[in-house]
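# Survey of secondary and tertiary structure
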Protein chains: 2
Amino acid sequence: MEQIPNWLMQRAHLTPQREALRFEGNSWTFQQLYDEALQLARKLTHCGVQQQTRVAILGYSTAQLVQIIYASMHLQLEMVMLNNRLSAEELQYQLDDSEATVVLVDERFASSVVHSSVLTFSDVEQADEADVHISPLWHHDATMTIMYTSGTTGYPKGVRQTVRNHEASALASALNLGLRHDDAWLCATPIFHISGFSTLTKSLIYGMTVDLYEKFDATAAAKSIASGRVTMISVVALTLGRLLNVMEEERLVAHSRFVACLAGGGPIPHAYLQRAQSLHMPVLQTYGMTETSSQTTTLQADEAFVKLGSAGKPLFFNAIRIDGATKPGEEGEICIQGPHVTPGYIGRFAERQTTTDGWLYSGDIGYIDEDGYLFVVDRRADLIISGGENIYPAQIESVLHSHPAVLEAGVCGLADVLWGQVPIAFVVVKEDVTVEELHEYCKQKLAKYKVPTAIYIVDALPRNGANKLLRRELPDLLS
Amino acid sequence: MEQIPNWLMQRAHLTPQREALRFEGNSWTFQQLYDEALQLARKLTHCGVQQQTRVAILGYSTAQLVQIIYASMHLQLEMVMLNNRLSAEELQYQLDDSEATVVLVDERFASSVVHSSVLTFSDVEQADEADVHISPLWHHDATMTIMYTSGTTGYPKGVRQTVRNHEASALASALNLGLRHDDAWLCATPIFHISGFSTLTKSLIYGMTVDLYEKFDATAAAKSIASGRVTMISVVALTLGRLLNVMEEERLVAHSRFVACLAGGGPIPHAYLQRAQSLHMPVLQTYGMTETSSQTTTLQADEAFVKLGSAGKPLFFNAIRIDGATKPGEEGEICIQGPHVTPGYIGRFAERQTTTDGWLYSGDIGYIDEDGYLFVVDRRADLIISGGENIYPAQIESVLHSHPAVLEAGVCGLADVLWGQVPIAFVVVKEDVTVEELHEYCKQKLAKYKVPTAIYIVDALPRNGANKLLRRELPDLLS
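Because the structure is a prediction, the values reported are computed rather than measured.

### Looking at the overall build of chain A
Of regular secondary structure, chain A possesses 12 helices and 28 strands. For 479 residues, the compact-globule formula gives about 23 Å, and the C-alpha radius of gyration of chain A, at 22 Å, lands near that figure. Across the 479 residues in chain A, those meeting the buried criterion constitute 60%. A separation threshold of at least 6 residues defines the contact pool for chain A, and within that pool the share at least 24 residues apart is 67%. Counting only carbon and sulfur atoms, one obtains 48% of the accessible surface of chain A, whose full area is about 18,200 Å². Distance between charge centroids for chain A: 3 Å, based on 37 positive and 55 negative side chains.

### Brief notes about the environment of B:E303
Looking at the secondary structure, you find B:E303 in the loop between β16 (294-298) and β17 (313-314). For the pair B:E303 and B:L244, spaced 59 residues apart in the sequence, the C-alpha separation amounts to 20 Å. Sequence-distant contacts of B:E303, that is, excluding residues within four places in its chain, are made with A:L14 and B:Y373.

### Quick word on the pattern of salt bridges
Residues and elements named next belong to chain B. Under the definition given, this model contains 38 salt bridges over all chains. Between R180 and D183 there is a salt bridge, with its nearest N and O atoms 2.9 Å apart. Look at R180 and you get partly exposed, because its relative accessible area is 25%. Taking relative accessible area as the criterion, D183 reaches 4% and is therefore assigned buried.

### Here we look at the sheet that holds strand β3 (residues 26-29) of chain A
All names here are of chain A. Read from one edge to the other, the open sheet built from 9 strands follows the order β3-β2-β12-β11-β13-β14-β15-β16-β17, with strand pairing classed as mixed. Each edge of the sheet is formed by a strand with only one pairing partner; in this case those strands are β3 and β17 (313-314). Both strand β11 (residues 184-187) and strand β12 (residues 209-212) contribute to a ladder of 4 bridges, which runs parallel. By the bridge assignment for β12, A184 is matched with T209. Together, β2 (19-23) and β3 form the strand contacts of helix α2 (residues 30-46), whose direction differs from that of β3 by roughly 85°.

### Observations regarding the domain arrangement of chain A
Residue and element names in this part refer to chain A. Domain boundaries in chain A define domain 1 (3-139), domain 2 (170-378) and domain 3 (384-478). Between the C-alpha centres of domain 1 and domain 2 there is a distance of 26 Å. Regarding the contact of domain 1 and domain 2, the summed buried area is about 2,500 Å², with carbon and sulfur atoms giving 60% of it. There are 2 salt bridges connecting domain 1 and domain 2. The salt bridge partner of E214 is R108, with a shortest N-O separation of 3.1 Å. In this assembly, domain 1 and domain 2 are joined by 11 residue pairs in polar contact (both at pLDDT 80 or more). Of all the elements in the fold, those that place two or more residues in the side of domain 1 that touches domain 2 are α1 (7-14), β2, α3 (63-74), β5 (78-81) and α4 (88-98). Of all the elements, α3 adds the most residues to the side of domain 1 that touches domain 2, at 6 residues. Its residues assigned to classes, the side of domain 1 that touches domain 2 comprises 17 nonpolar, 6 polar and 8 charged.

The rules we used
- Residues numbered from 1 in each chain as written.
- Chains lettered and ligands numbered in written order.
- Predicted model: local features only at pLDDT ≥ 70, side-chain atom pairs only at ≥ 80, totals over all residues.
- Heavy atoms only, no water.
- Helix = DSSP H or I, 4+ residues; strand = E, 2+ residues; numbered from the N terminus.
- Rg over C-alpha atoms; globule rule 2.2 N^0.38 Å.
- Buried < 20%, exposed > 50% of the residue type's maximum accessible area, 1.4 Å probe, protein only.
- Contact = heavy atoms within 4.5 Å.
- Areas by Shrake-Rupley, 256 points an atom, 1.4 Å probe, with all protein chains shown as cover.
- Lys, Arg positive; Asp, Glu negative; His and termini not counted.
- Charge placed at Lys NZ, Arg CZ, Asp CG, Glu CD.
- Salt bridge = Lys/Arg side-chain N within 4 Å of Asp/Glu carboxyl O.
- Pairing = 2+ DSSP bridges.
- Axes fitted to C-alpha atoms, helices over the stretch in contact; angles between N-to-C directions.
- Domains from an automatic or database assignment.
- Buried area = accessible area lost by both parts, 1.4 Å probe.
- Polar contact = N/O pair within 3.5 Å; in protein donor to acceptor, adjacent residues only side chain to side chain.
- Nonpolar A, V, L, I, M, F, W, Y, C, P; charged D, E, K, R; others polar.

See the structure below:
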């Protein structure tokens, strides 16, 4: 099994004085981050956290969270990255399923978590330091992070992301985007998502500055892009739209140093791509997922304006194919291969295979054009993407089903100017119940962004001959 | 065992129109090189060359050689890269030891090789094409090249360099030097050496242009560096010296696009580094060897003028330590770890372990300073021990180099009844100077025991194919 140097240690050794992180007006070099993470690792050890065990982490995208993550890396912990928008019930499922031994939480979430061992970030910071041996070498196959993704089953699956997965992803992205010593990546996507987390792994492997924001700030982002303070930014359609608005209002254009906006989390409207072009701001659409530790395919910087709407070609180590397609342009399920593909799940799905004959079947529909460029046509059957967050109808339906008055439930996405899509629900009831009651019920059990914006009580749901719910026909019930 | 895409196929798929190779006024895109290599692979197959067998390759650094190498990659051949300066007897040893099934030779060497199956490059080009299945995936652990290295044993050892070794080397170098889409690397070091070959692997993995020369041309190199036509060049002390002379004579300075001269194959005189600095031309000293598929440590571009004389820090995936050293500055044998380290030898040394407890013992002497920078003091085999004092030829050579009349200098030990060994020197001069003057000059700059007991003015110094000084052959100049 291949071993590689502890990224934190090696990076601090190689470029100690280079800027590693910016957050709220403060700045850290790689040496400073290394020192602080090491101290936190000693404190975590004093708090009883054992090396190479599994912990869950819940926080906002702050410098403090980054330091907790880096301390956890030093201890080679398996980090279950909890989505801070989840409901208490959803969080509980992930804590139970992952069997995390400890939960590390931002103070602001201390009351949201029920677990036998909860440590707030402050608890850790105030602890004494214990002796600890930090390994200078890491195993490629070790699980670094676990991120939950819902899929079609209703039960979220904990996806393992190994050291090798993250490393392969970062290296392949560099081969596509190039690499400059003064690169800085504006990260305003949540760190608990692979999009945000992969910015941290790139930072350590490349020696690159992360310009971190707890929340996306369109004005700050626009100014940083125009001044050359950052060279890359990750966006989703929602944040790109806000960014474009500000740049146009303020009459800003991208600095010549600026490389690209990396746009993930679902399709980007063509109009946005065209507006970005006139601001000299390349937008590179990318296709990635939790199971692939970020990007599988991405447009190349010099093609941003040539293949508008495409998600590009595979990164250097990866391959894709369209299941069943016999010629360019034919649609089918997108299948993925490469060193960035997860080796598997944990918990209740631990036995499930992630690949068939070496290929990960994504569930997403797309085609490859005659030049080899991927176009993603439709996400995993019924996936709803709202402000960059994936929402699986099955999970919402499962919650509605659990209400005693509900006989049947169907959920689909509705186009929304602001969010791209929002979920709406249709239910058949067996007892009297008001829409308000069902709404309130969902709010208790689901992350806010998953709560249907509208719930309709109907007589029957559209089903096919095998009685399978036809979610795509649900919107017809509105007409 | 991890698999990765066939580099040629993937690179032609990703950046078909990008410039891949320049040679003698001609230029090839990645698609063109891919097509030509594929055709040559079909022809090789028609000539009876079986996939995944071992062949030997002997040629000059030409576009034709590159195409033969790429065709061999397509067939996943193990390529024994023969040094074109070897004597017939030395060649025969390598052919026998490697048991290569076929020898592929440039016409100009056809008469030099005795083997049951010799194919000239023309034979291959004129052959018919056979059907062949080219694998889209390669195994990380497959041996790609075998290069013979002399070491201290007298019998050259055939070093295996795997797909993974080459890949790890290229990726680690990119993390150090950065990566730009319009990079072009001037390669005038022989392709049969790892220095030249690694330029080809970088080209395929990065999508980078190789500006290839059969022989080093100081004027062409100087103009390319000054015009921005190339961004990188590999040099040894000798070629760097010639390059500096031309740039100074022609009053040229390096273009702002130019990244660095990568300087390997032994120490570079301090005077050269200082002269390069005044031409805005960073020279990054590197420490590498055949067993590590090129660089293990390299200076960073922004440190070229800060740590003059150092070979830098390890590249990101690598580690070094000084055997027996307990604190910074202590000299000892340099030990190396990383995914770029050979898994072993072939032929008569097939059973010999290359590493001990995961470390490759280089045989070279160096120290690591308090900032973590490696200084290579000397190759162990060249160490002169005189009256119990260690004498490193490189230091004496460096002093002689700094004399304005000296073009080249080589120092070795001569057996001495009284002292065990004494140092003697051989110099090539560019201006009139007497031996007495040089002797006096050394006395001013060196401890008495380090001053050469004899200095000989000669026409040329013995060098290998990579222009590396062969100190062990210096005494032959006396006979």
